[in-house]
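# A closer look at the structure
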Amino acid sequence: RRDVAALVEDGLLMRFHGGVALPSLPQEPSFGQRMATNEEAKRAIARRAALEVANGDSVMLDTGSTTAYVGRALADHRDLLVVTNCVDIARTLATRNGNRVYMAGGELRADDGAALGPSATAFIAQFRVRLAILSVGAINDAFELMDYDLAEAEFSRVVMDRAERVIVVADGSKFGQQGLVRVADLDAIDLLITDAPPPPDFAAHLAASNVEVAVAAAG
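Residues numbered from 1 in each chain as written. Predicted model: local features only at pLDDT ≥ 70, side-chain atom pairs only at ≥ 80, totals over all residues. Heavy atoms only, no water.

## A closer look at the overall build of the protein chain
The helix and strand inventory of the protein chain stands at eight helices and twelve strands. Taking all 219 residues of the protein chain together, 47% fall into the buried category. Across the protein chain, contacts joining residues at least 24 apart in sequence account for 60% of those joining residues at least 6 apart. (Helix = DSSP H or I, 4+ residues; strand = E, 2+ residues; numbered from the N terminus. Buried < 20%, exposed > 50% of the residue type's maximum accessible area, 1.4 Å probe, protein only. Contact = heavy atoms within 4.5 Å.)

Set out below in structure tokens:
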């Protein structure tokens, strides 16, 4: 403990509840913090994403602050088949309007109630849906979708593989940021929904890759 305290004091380690980490590693805020960050932008993105979903549709959603808002924006839809690893989304959409909700199994993460790991990915791999709606931790300068957790990235890749159409919901703060784990190339998706026009280099890459971009205005 004395050694750790000295390293923290020198700025070589970062202390957090339950452990320490290298300060140079990208860190993601808690789920509660992310829900409160850029809230209006995320609500606008969620409303736009809900327009892509028809009554009776089949859709997979991962765990993320923006997808949590998407779940809430889908509250008036009917007869959905929803597959998710997110307790918040499952609770929002289950037992209402004739929806069928399938929740991936496994140990639930304390911070956000996400089910992750081999059992969760094996469960969702059994489904084939029309839409996947995914959040991401970052979109880096190499035009890669990034996350901060290996299990989350692995889950997202399986979701992308099991959907006919892949939608990523990400507010403008994600552009040019660096995550820890690569999920996929940006051109692997069909539609990006964000709250502001992407920076010029990202916009050019998206256009060249035939990725549709929808900008949702807040308010």
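## Comments concerning the packing of aromatic side chains
In total, this model carries four aromatic pairs according to the counting rule given. Taking 5.1 Å as the distance between ring centres and 55° as the angle between the ring planes, the aromatic pair formed by Tyr102 and Phe127 counts as tilted. Of this pair, Tyr102 sits in strand β5 (residues 100-103) while Phe127 is found in the loop between α6 (118-124) and β6 (129-135), placing the two residues 25 residues apart along the sequence. A residue is classified by how much of its surface remains accessible, and Tyr102, at 30% relative accessible area, is partly exposed. A relative accessible area of 16% places Phe127 in the buried class. Relative to Phe202, the ring of Phe143 lies with its centre 5.2 Å away and its plane at 85°, an arrangement referred to as edge-to-face. (Phe/Tyr/Trp six-rings, centres within 6.5 Å; stacked < 30°, edge-to-face > 60°.)

## Some points on the side chain of Asp62
Within the secondary structure layout, Asp62 lies in the loop between β3 (58-61) and α4 (65-73). Residue Asp62 is classed as buried on the basis of its relative accessible area of 4%. Only 3.2 Å separates the side chain of Asp62 from the backbone nitrogen of Ser135, close enough to count as a polar contact. Excluding anything up to four places from it in sequence, Asp62 contacts Thr67, Thr84, Asn85, Cys86, Ile89, Ile133, Leu134, Ser135, Phe155 and Ser156. (Polar contact = N/O pair within 3.5 Å; in protein donor to acceptor, adjacent residues only side chain to side chain.)

## Examining the sheet that holds strand β7 (residues 138-139)
The strand order β7-β8-β10 describes an open sheet built from three strands, whose pairing is antiparallel. This sheet does not close on itself; its edge strands, each paired only once, are β7 and β10 (181-185). One ladder, built from two bridges, connects β7 with strand β8 (residues 144-147); its direction is antiparallel. Across the sheet, the residue bridging to Ala138 is Met146, located in β8. Docked against the sheet, helix α7 (residues 150-161) engages β8 and β10, running at close to 20° with respect to β10. (Pairing = 2+ DSSP bridges. Axes fitted to C-alpha atoms, helices over the stretch in contact; angles between N-to-C directions.)

## So, the pattern of salt bridges
Counting across every chain of the model gives twelve salt bridges. Where Arg130 meets Asp57, a salt bridge forms, and the shortest distance between an N and an O atom there is 2.7 Å. Remark: Asp57 occurs in the loop between α3 (39-50) and β3 and Arg130 occurs in strand β6; sequence separation between them is 73 residues. Judged by its relative accessible area of 31%, Arg130 is partly exposed. Shared partners join several salt bridges into a network, and the residues in it are Arg48, Glu52, Arg165 and Glu212. (Salt bridge = Lys/Arg side-chain N within 4 Å of Asp/Glu carboxyl O.)

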